[in-house]
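In case you want the letters, here they are:
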Amino acid sequence: KTLYMTHLAPIIGPVCEHMKIRLEKSWEPILKGARSRPLSTGDCDAAAAVAQRRGDEWWAEYYARSGLFVGDLDAETSEAAVEKARIEVTRTFSDVIQTALALKGDWALTLANLAREEQAQKQKHTGKGAKGPPNRFTEGLINADGTPKSKNQAAIDARKLARISAMCNFLFLEHEQTAGFLTLTLIQCLEYPDAYTCRRVTKICHRCLETVAWHPRYTELLGSQMFSVAVKNVVVEPKWMVGIEWDMINVVRDIYCRLVCGQIVQPGGQGAGLQQPTASSNPLTYEQAKTADRPLQGGGILTTPSPLPQNVLLSLPGISPQMIEQLNRNLKRKRASKDQKDFIKDFLRIAADNYSIAQPEPVGIDSMDRATKKESLLHSTEVNEITDPITPNRSRHKKSSRKSKNKNKVANQPTGLTAFHLS
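The residue numbering used here restarts from 1 in each chain and proceeds along that chain's sequence as written. With pLDDT at 70 or above as the cut-off, local features in this predicted model cover only qualifying residues; side-chain atom pairs require 80 or more to be listed or tallied, and sums for whole chains, interfaces and linings still use all residues. Only heavy atoms go into the side-chain values, all of them from the structure, while hydrogens and water stay out.

## Some thoughts on helix H7 (residues 176-189)
Thinking step 1. Taking 1.5 Å as the rise per residue, H7 with 14 residues should run 20 Å; its terminal C-alpha atoms sit 20 Å apart, in good agreement.
Thinking step 2. Relative accessible area decides the class of each residue, using a 1.4 Å probe on protein chains only: under 20% of the type maximum gives buried, over 50% gives exposed, and in between gives partly exposed. Comment: elements are numbered from the N terminus, with helices defined as DSSP H or I runs of at least four residues and strands as E runs of at least two. For H7, the full list of buried residues reads Thr-178, Ala-179, Leu-182, Thr-183, Thr-185, Leu-186, Ile-187, Gln-188 and Cys-189.
Thinking step 3. The contact rule is simple, with two residues in contact once any of their heavy atoms fall within 4.5 Å. Turning to H7, the residues buried within the fold contact helix H1 (2-31), helix H4 (75-100), helix H6 (153-174), helix H8 (195-212) and helix H9 (219-236). The span expected for a helix works out to 1.5 Å for each residue beyond the first.

As structure tokens, then:
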């Protein structure tokens, strides 16, 4: 930990600043609906003239074409090469940050082992543990991925856990240049039309919230910028968002619960919201969670509720202050993960309906076009479609319909001796 600031900060800080500018300029043509054409043989003289002026114009054009020179390659293949390079750089960045924050790789396996051990302890105390003779599975001799544990696995995992916590604090709290540009880059990545990157960045956003949601200096970044991008993705319903709507709604829930409702959730935005009591000195504030300095155990909350997320919701079409107050009551009344995400989904559907009326857009086949009603999660009506794939709880409608069918089946069957036949 002591070497992070002296050895890692001089490298990671400029890299994060570079990646923010590079990804922003690379995706700018796509977000603005323009076409990015790589440098060809006929464009070399013009590009050299721009480079001689040594301004930002050169870097903007260079990153927009992903730094490629294609010579006399045909236009279709050239644009495909630029698109491939742009996506690969973005996905590699998200994978690297995931690995650094123990969301994938060897460090993630350590957290998986810890979660499995905690689950086993809970089952043991409740009497629901595994039955039968002891084996390598029940005695904890294998990792969560099925590989055998080493002889000193416990000491290795303890060392890794300390490094994970130290790395989270370093990236988001200790070095200002790294923290600022990394957080801004994550917010940008949420709106890049690539489902692979967006799904992984949502996981990184949860780890960011677990680490810094309690810090007042992050309130504007999280409560205004990150929250507005996440809400916009759900309300506008672009085609590239189809299939990852629940991930984005979960980010909205995590931000809103921590910054407005005084609730912490389990790592990754999972589990029910744990409501913090109001402070005795000021009933308008909350007591800080005991896990505020431990992001791997849920992190903390903003003790003084911020109006920024509510202002973002109030700016949506068709949303009134009374509706926001009702949403706050619902989120505090029912804190289960599925219930809270359903409340947010129903709330944002009203804004999406009013947005589609105010700004009608043709439904096309491009990834930036609006999804159809059949593709849209907000407007799905069938039970199978509205069931959250992340939450293992099954739909209540499905259960009730199955119960009613069983009741009718039992009612129509003969009872007593009339149900007995020899043949």
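## As for empty space enclosed by the protein
Thinking step 1. Lining residues are those with an atom within 4 Å of a point, where the points come from a 1 Å grid over the protein atoms alone and group into cavities, where a 1.4 Å probe fits but cannot get out, or pockets, open sets with protein on both sides within 12 Å along at least five of seven lines. Grid points are joined across faces, edges and corners, and a volume is the space filled by probe spheres set on the points. As enumerated under the stated definition, the model contains three cavities of 30 Å³ or more in all.
Thinking step 2. What the largest cavity holds in volume is close to 80 Å³.
Thinking step 3. Considering only residue class, the lining of the largest cavity consists of seven nonpolar, two polar and three charged. Residue polarity is assigned by list, with Asp, Glu, Lys and Arg as charged and Ala, Val, Leu, Ile, Met, Phe, Trp, Tyr, Cys and Pro as nonpolar; anything else, Gly included, falls into the polar class.

## Details of the packing of H6 against H8
Thinking step 1. Running from N to C, H6 and H8 cross one another at 80°; their axes reach a closest spacing of 10 Å. On the basis of their axis angle, the class for H6 and H8 is roughly perpendicular. Taken together, the residues of H8 that come into contact with H6 (itself represented by Cys-168, Asn-169, Phe-172 and Leu-173) are Arg-207, Cys-208, Thr-211 and Val-212.
Thinking step 2. Residues that form the contact of H6 with H8 fall into these classes: five nonpolar, two polar and one charged. Axis definition: a line fitted to C-alpha atoms, over the contacting stretch in the case of helices. Angles run 0 to 180 degrees between N-to-C directions. Roughly parallel refers to an angle under 35 degrees, roughly antiparallel to one over 145, roughly perpendicular to one between 65 and 115, and oblique to any angle outside these ranges.

## Structural notes on the nonpolar core
Thinking step 1. In plain words, nonpolar cores are sets of buried Ala, Val, Leu, Ile, Met, Phe, Trp, Tyr and Cys residues tied together by side-chain atoms within 4.5 Å. Membership of the largest hydrophobic core comes to 75 residues, with the highest contact counts inside it found for Phe-172, Tyr-256, Leu-313 and Leu-348.
Thinking step 2. A per-element tally of this core places helix H10 (residues 245-261) first, with ten residues.
Thinking step 3. If sequence neighbours within four positions are ignored, Phe-172 has contacts with Leu-101, Ala-179, Leu-182, Thr-183, Leu-186, Cys-208, Thr-211, Val-212 and Tyr-218.

## Here's the deal with unusual backbone geometry
Most of the time, phi is negative for any residue but glycine, and the peptide bond is trans.
Thinking step 1. With phi around 60°, Ser-66 is a residue other than glycine that occupies positive phi space.
Thinking step 2. Position of Ser-66 relative to the elements: it lies in the loop between helix H3 (56-64) and strand E2 (69-71).

## Remarks on the packing of aromatic side chains
Thinking step 1. Two aromatic rings, drawn from Phe, Tyr or Trp (for Trp, its six-membered ring), form a pair once their centres lie within 6.5 Å of each other, and the interplanar angle then sorts them: stacked below 30 degrees, edge-to-face above 60, tilted otherwise. The tally for this structure, following the rule as stated, stands at six aromatic pairs.
Thinking step 2. Aromatic side chains Trp-27 and Tyr-192 sit 5.1 Å apart centroid to centroid with 10° between the ring planes, which places their arrangement in the stacked category. Residue Trp-27 is found in helix H1, and its partner Tyr-192 is found in the loop between H7 and H8; the two are separated by 165 residues along the sequence.
Thinking step 3. Among the residues examined, Tyr-192 registers a relative accessible area of 2% and is labelled buried.
Thinking step 4. Seen from their ring centres, Trp-59 and Tyr-63 are 5.8 Å apart, and the 25° between their planes marks the pair as stacked. You can see Trp-59 and its partner Tyr-63 sitting in helix H3, four residues apart, about one turn around the helix.
Thinking step 5. Among the residues examined, Tyr-63 registers a relative accessible area of 9% and is labelled buried.
Thinking step 6. Here the aromatic cluster, defined as three or more aromatic residues joined through ring pairs, consists of Trp-59, Tyr-62 and Tyr-63.
Thinking step 7. As a reminder, the over-ring test applies to NZ of lysine and CZ of arginine, requiring each to be within 6 Å of the ring centre and within 35 degrees of the ring normal. Residue placement shows Arg-200 over the ring face of Tyr-196; its charged tip is 3.6 Å from the ring centre.

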